[in-house]
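# Fold and contact review
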Amino acid sequence: MRGAVIHAPGDVRFETLDDPKILHPTDAVIRTAVTCVCGSDLWPWRGLEPIGDAHPMGHEYVGFVEEVGSEVTAVKPGQFVVGSFATSDNTCANCRNGFPSNCLHREFMSTCQAEYVRIPNAQGTLVATDEVPDEELWPGLLAVSDVMGTGWWAADAAEVRPGSTAVVVGDGAVGLSAVIAAKERGAERIIAMSRHASRQKLAREFGATDIVTERGAEGIARIKDLTGGIGADSVLECVGTAQAMRQALHSARPGGSVGFVGVPHDVSVDGPELFFSHVGLRGGPAPVRRYLPDLVERVVTGRIDPGKVFDLTLPLDQVAEGYRAMDERRAIKALLRP
């Protein structure tokens, strides 16, 4: 098969790789329907994370089951399936407590920008649709496998409630998905922080009521102005930088909550400052598998359309251009078709 391999910063190649095989009775192999480039893939692309030896890339996927191990009964060959970037058995204590992304047998997917993918823990990870969905739904279902599930976790962790005010820090695919999540969870006011006109437009389409273009201290001041000087009930941090975290913590009201889902880079939290703020803080890798059945249903029924975050579609063999376009902000998120 063929797939993406990163060799060095700025160097992703489309290469011939070994076909995936069933290695354990809990595995499945899927044929990729569509895959994509994630904003978190840009960290190594930009040289901000170590790469080490050349290795495959990609952790978002939907596709058709080709083969299953002897212990996999939840899905069968021919079915269309959606999974999570973090695999899970869906039976261990952490899974039962609602955190499958911290499954005791977790493996992080890392080979999905390819024609075929081996899925560990397939029994607990994969969710099959009732029938093969129309191709127009594939982008939305692909979004569910990561960015929409992560945006939903941001809203859940930030305790977005009906009638509340939510602030979304970040206008990438996760941030835009978090706007959808905040609206679906009943937020009355959704303030999206964005400096880019195309992303602002999509944020409003997804449910944002206000746009704040300022950042840093000016951004915090603007949020306070919009919330009577108090701050927001919920803040969804979807970036992962020190500035984004500070902006999130200082935009929440006393007693409010911050859900942080951007993978942290050089982020630190001032303990005494957090203590006296009365702001709650929760985050981590999104427990996507917990939300999959609900989110798949919302996409299939047309209630939500997170697939709109894909504003560039490329053949899989042009995966490197997908990285470049996202790095240069010519695209929010690049969809790849094998």
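The rules behind these values
- Residues numbered from 1 in each chain as written.
- Predicted model: local features only at pLDDT ≥ 70, side-chain atom pairs only at ≥ 80, totals over all residues.
- Heavy atoms only, no water.
- Buried < 20%, exposed > 50% of the residue type's maximum accessible area, 1.4 Å probe, protein only.
- Helix = DSSP H or I, 4+ residues; strand = E, 2+ residues; numbered from the N terminus.
- Contact = heavy atoms within 4.5 Å.
- Core = buried A, V, L, I, M, F, W, Y, C linked by side-chain atoms within 4.5 Å.
- Pairing = 2+ DSSP bridges.
- Right-handed = clockwise from strand over helix to strand, strands pointing away.
- Axes fitted to C-alpha atoms, helices over the stretch in contact; angles between N-to-C directions.
- Salt bridge = Lys/Arg side-chain N within 4 Å of Asp/Glu carboxyl O.

The subject of this paragraph is helix α12 (residues 319–327). If you check which residues of α12 are buried, you get V319, A320, G322, Y323, A325 and M326. Summarising the contacts, the buried residues of α12 are in contact with β1 (2–8), β2 (11–16), α1 (42–45), β15 (312–315) and β16 (334–337). Residue R329 follows α12 closely and has a positive phi angle near 55 degrees.

This next bit is on the nonpolar core. V62, F80, V82, V144, M148, L236 and C238 are the most contacted members of the largest nonpolar core, which totals 57 residues. Counting residues per element, this core draws most heavily on helix α6 (residues 173–184), which supplies 8 residues. If we ignore the near neighbours within four places in the chain, the residues touching M148 are A143, S177, I180, A181, L295, I304 and P306.

Quick look at the pairing of strand β10 (residues 189–193) now. The side chains of a regular strand alternate between both faces of the sheet. Within β10, 4 of the 5 residues are buried, which leaves the element mostly enclosed by the surrounding structure. Sheet topology note: the β10/strand β11 (residues 210–212) ladder contains 3 bridges and is parallel. Considered in β11, the bridge of M193 is made with V212. Read from β10 through helix α7 (residues 197–206) to β11, the crossover connection turns out right-handed.

The strand order across the open sheet built from 6 strands is β11-β10-β9-β12-β13-β14, with neighbouring strands paired in parallel fashion. Taken across any chain shown, the strands that pair with only one partner, and hence form the sheet edges, are β11 and β14 (280–283). Neighbour to neighbour, the strand axes of the sheet diverge by 20 degrees on average, direction disregarded. As paired elements, strand β13 (residues 252–260) and β14 share 4 bridges and run parallel to each other. The partner of V258 across the bridge, within β14, is L281.

Looking at the secondary structure, you find H105 in the loop between α2 (93–96) and β7 (116–119). Distance in space between the C-alpha atoms of H105 and F80 is 24 Å, their sequence separation being 25 residues.

As for its position among the elements, L176 is in helix α6. Here L176 falls in the buried class, since its relative accessible area comes to 2%. Between the C-alpha atom of L176 and that of A244, which follows or precedes it by 68 residues, the distance is 15 Å. Those residues in contact with L176, other than ones at most four positions away along the chain, are G170, D171, R199, L202, A203, F206, V309 and I332.

Take the sheet that holds β1 next. Pairing in this open sheet of 3 strands is antiparallel, and the strands run β2-β1-β4 from one edge to the other. Where the open sheet ends on each side, the last strands, each with one partner, are β2 and β4 (55–56). For β1 and β4, the ladder comprises 2 bridges, and the chain directions are antiparallel. When the bridges of β4 are listed, V5 appears paired with P56.

It is worth spelling out unusual backbone geometry at this point. Of note in the backbone geometry, N90 takes a positive phi value of approximately 65 degrees without being a glycine. Mapped onto the fold, N90 is located in the loop between β6 (80–82) and α2. Residue H278 is not a glycine yet carries a positive backbone phi of 60 degrees. Within the secondary structure layout, H278 lies in the loop between α10 (271–277) and β14. Under the relative-accessibility criterion, H278 is labelled exposed at 60%.

Moving on, we get to the pattern of salt bridges. Tallied over the entire structure, the rule returns 22 salt bridges. Among the salt bridges present, the one from D171 reaches R329, with a minimum N-O distance of 4.0 Å. Taken together, the residues D171 in the loop between β9 (165–169) and α6 and R329 in the loop between α12 and β16 connect sequence positions 158 residues apart. Residue classification places D171 among the buried residues on the basis of a relative accessible area of 10%. Note that D294 is salt-bridged to R298, the shortest N-O span being 2.9 Å. Residue D294 and its partner R298 are located together in helix α11 (residues 288–300), separated by 4 residues, close to a single helical turn. Looking at D294, the relative accessible area reads 35%, which means it is partly exposed. Residue classification places R298 among the buried positions, given a relative accessible area of 15%. Overlapping salt bridges, with partners in common, bring together E184, D294, R298 and R303 in one network.

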